[in-house]
Amino acid sequence: MNKNTWIVGFTLFAMFFGAGNLIFPPNLGQDSGHFFWPAVIAFCLTGIGLPLLGVIVGALDKQGYVGSLNKISPKFSVIFLIIIYLTIGPLFAIPRTASTSFEMTVTPIAHTNSNLVLFIFTLIYFLVVLYLCINPGKIVDRIGSLLTPVSYTHL
């Protein structure tokens, strides 16, 4: 195997492996009872098989997903990919980062699920994210200066 194979392999692993893949399967196994094997098979098909199939479909055509989906219909290709990109980003994943952070930090401390507090937290959260990401070349320095301020003042 060459270096690119390793890089692509680790990238795919990093993309698909998250806390849900670490926490959900044992919980699924515990809750499934005597339906353990059907639950494991269904989880493997949907949690491993479908994402892997998506990667394979995108890799089979020289134009990637666009080329693969254009074989169905060019209109379908555009509409489907727009829906996927919106779902992955601004409609679910991006707001989820703020709501998860709120649930893990503010809710246990303040004992509140107030929509107003969530709104204020979300506003502050995304302002901090914007500050950190507005200049990608400085993100490591910005985070480093916050996490290890002593070492950055002596540089």
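**Student:** Give a detailed account of the packing of helix α7 (residues 115–133) against helix α8 (residues 139–147), specifying residues and quantitative values.
**Tutor:** Between α7 and α8, whose axes approach to 8 Å, the crossing angle comes to 125°. In this view, α7 runs oblique relative to α8, as classed from their interaxial angle. Across the interface between the two elements, Y131, L132 and C133 from α7 touch I139, R142, I143 and L146 from α8. Per-class residue counts for the contact of α7 with α8 are six nonpolar, no polar and one charged.

**Student:** How would you summarise helix α1 (residues 3–16) if you had to cite specific residues and measurements?
**Tutor:** If you check α1, its first and last C-alpha atoms are 20 Å apart, about what 14 residues at 1.5 Å a residue would give, namely 20 Å. Two or three places before N4, at the start of α1, stands the capping residue N2, its side-chain oxygen 3.3 Å from that residue's backbone nitrogen.

**Student:** Which residues make up α7, and what values go with them?
**Tutor:** Taking 1.5 Å as the rise per residue, α7 with 19 residues should run 27 Å; its terminal C-alpha atoms sit 26 Å apart, in good agreement. Measuring from the backbone nitrogen of L116 back to the side-chain oxygen at the start of α7 gives 3.2 Å, which picks out S114 as the cap.

**Student:** Describe unusual backbone geometry, naming the residues involved and giving the relevant values.
**Tutor:** Trans peptide bonds make up the majority, and among non-glycine residues the majority have a negative phi. Unlike most non-glycine residues, H111 shows phi in positive territory, near 55°. Counting through the fold element by element, H111 comes out in the loop between α6 (93–110) and α7. On the basis of relative accessibility, which here comes to 68%, the residue H111 falls in the exposed class.

**Student:** Please set out a nonpolar patch on the surface residue by residue, giving values where relevant.
**Tutor:** Taken together, the side chains of L116, F119, I120, L123, I124, L127, V128, L130 and I134 present a nonpolar region at the surface, about 910 Å² in accessible area. Within the fold, L127 resides in helix α7. You can call L127 exposed: its relative accessible area is 52%.

**Student:** So what about the packing of aromatic side chains? Which residues, and what values?
**Tutor:** Evaluation of the coordinates by the stated rule reveals six aromatic pairs. Within the aromatic cluster, the residues linked to one another by ring pairs are F102, F121, Y125 and F126.

Here is what the cut-offs are and how they apply
- Residues numbered from 1 in each chain as written.
- Predicted model: local features only at pLDDT ≥ 70, side-chain atom pairs only at ≥ 80, totals over all residues.
- Heavy atoms only, no water.
- Axes fitted to C-alpha atoms, helices over the stretch in contact; angles between N-to-C directions.
- Helix = DSSP H or I, 4+ residues; strand = E, 2+ residues; numbered from the N terminus.
- Parallel < 35°, antiparallel > 145°, perpendicular 65-115°, else oblique.
- Contact = heavy atoms within 4.5 Å.
- Nonpolar A, V, L, I, M, F, W, Y, C, P; charged D, E, K, R; others polar.
- Expected span 1.5 Å × (residues − 1).
- Polar contact = N/O pair within 3.5 Å; in protein donor to acceptor, adjacent residues only side chain to side chain.
- Buried < 20%, exposed > 50% of the residue type's maximum accessible area, 1.4 Å probe, protein only.
- Patch = residues over 30% accessible without salt bridge, like charges linked within 9 Å, V, L, I, M, F, W, Y side chains within 5 Å.
- Areas by Shrake-Rupley, 256 points an atom, 1.4 Å probe, with all protein chains shown as cover.
- Salt bridge = Lys/Arg side-chain N within 4 Å of Asp/Glu carboxyl O.
- Phe/Tyr/Trp six-rings, centres within 6.5 Å; stacked < 30°, edge-to-face > 60°.

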